[in-house]
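The residues making up each chain are set out below.
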Amino acid sequence: QVQLVESGGGLVQAGGSLRLSCAASGRTFSTYTMAWFRQAPGKEREFVARIAWSGAGTYYADSVKGRFTISRDNAKNTVYLQMNSLKPEDTAVYYCAARSTAWYLGRAADGYNYWGQGTQVTVSS
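Now for a quick tour of the structure. (Residues numbered from 1 in each chain as written. Predicted model: local features only at pLDDT ≥ 70, side-chain atom pairs only at ≥ 80, totals over all residues. Heavy atoms only, no water.)

### Side note on the packing of aromatic side chains
Throughout the structure, instances matching the rule amount to seven aromatic pairs. Seen from their ring centres, Phe37 and Phe47 are 5.7 Å apart, and the 80 degrees between their planes marks the pair as edge-to-face. A residue pair is termed long-range when its members are at least 10 positions apart, and Phe37 in strand 4 (residues 33–39) and Phe47 in strand 5 (residues 46–51) qualify at ten residues. Of the two residues, Phe37 and Phe47, both sit in the buried class. Look at Phe37 and Tyr112: their rings are 5.4 Å apart centre to centre, the planes differ by 70 degrees, and that puts the pair in the edge-to-face class. Here Tyr112 lies in the loop between strand 9 (92–99) and strand 10 (114–115) and Phe37 lies in strand 4, a separation of 75 residues in the sequence. (Phe/Tyr/Trp six-rings, centres within 6.5 Å; stacked < 30°, edge-to-face > 60°. Helix = DSSP H or I, 4+ residues; strand = E, 2+ residues; numbered from the N terminus. Buried < 20%, exposed > 50% of the residue type's maximum accessible area, 1.4 Å probe, protein only.)

### Observations concerning the state of the cysteines
For the structure shown, the criterion picks out one disulfide. For Cys22, the disulfide goes to Cys96, at an S-S distance of 2.1 Å. On the sign convention where negative means left-handed, the S-S torsion of about -80 degrees between Cys22 and Cys96 marks this disulfide as left-handed. Taken together, the residues span a long stretch of sequence, with Cys22 in strand 3 (residues 18–24) and Cys96 in strand 9 at a distance of 74 residues. Judged by relative accessible area, which is 0%, Cys22 ranks as buried. A residue is classified by how much of its surface remains accessible, and Cys96, at 0% relative accessible area, is buried. (Disulfide = S-S within 2.5 Å.)

### Quick word on the side chain of Thr78
One can find Thr78 in strand 8 (residues 78–83). The buried category is assigned to Thr78, whose relative accessible area is 9%. Within the structure, the side chain of Thr78 is placed 2.8 Å from the backbone oxygen of Lys76, a separation counted as a polar contact. Ignoring any residue separated from it by four or fewer positions in sequence, one finds Thr78 in contact with Ser21, Cys22, Ala23, Phe29, Arg72 and Asp73. (Polar contact = N/O pair within 3.5 Å; in protein donor to acceptor, adjacent residues only side chain to side chain. Contact = heavy atoms within 4.5 Å.)

### What about the pattern of salt bridges?
One pass over the structure, following the stated rule, counts four salt bridges. Here Asp90 and Arg38 are joined by a salt bridge, their closest N and O atoms 2.9 Å apart. A residue pair is termed long-range when its members are at least 10 positions apart, and Asp90 in the loop between strand 8 and strand 9 and Arg38 in strand 4 qualify at 52 residues. Under the relative-accessibility criterion, Asp90 is labelled buried at 0%. (Salt bridge = Lys/Arg side-chain N within 4 Å of Asp/Glu carboxyl O.)

So yeah, pure geometry; function would need other evidence.
Here it is in structure tokens:
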């Protein structure tokens with residue numbers, strides 16, 4: 001079992017930055033593919049970014065490419081999402097997700113085994 005706890009959300013003005021963190025429990029974190037998803041009110045949960053076990057294999061949704069960066073520190077069992085040039089349309093609850101596969105290429109939410117509780121990101125115009 002893996003438990004995921006997100007932090008770092010908050011209120012920021014458009015054009016600002018935030019860094020989300022996701023701390024994972026368990027000794028097998030380094031073998032998991034990690035991802036970030038988000039869900040805005042009235043919308044389905046959508047893929048944001050993914051990173052494979054080694055830190056390679058990053059992939060981003062078109063809507064965040066060039067503005068967001070996903071990274072991980074396996075020594076700290078933590079994955080990060082650096083969000084720059086934030087826009088009001090980035091407002092959502094952001095979720096950390098994990099799949100117990102070292103190199104997973106999927107972007108569908110149902111492909112991930114474990115989820116955090118989410119952290120709210122609000123971008124004001």
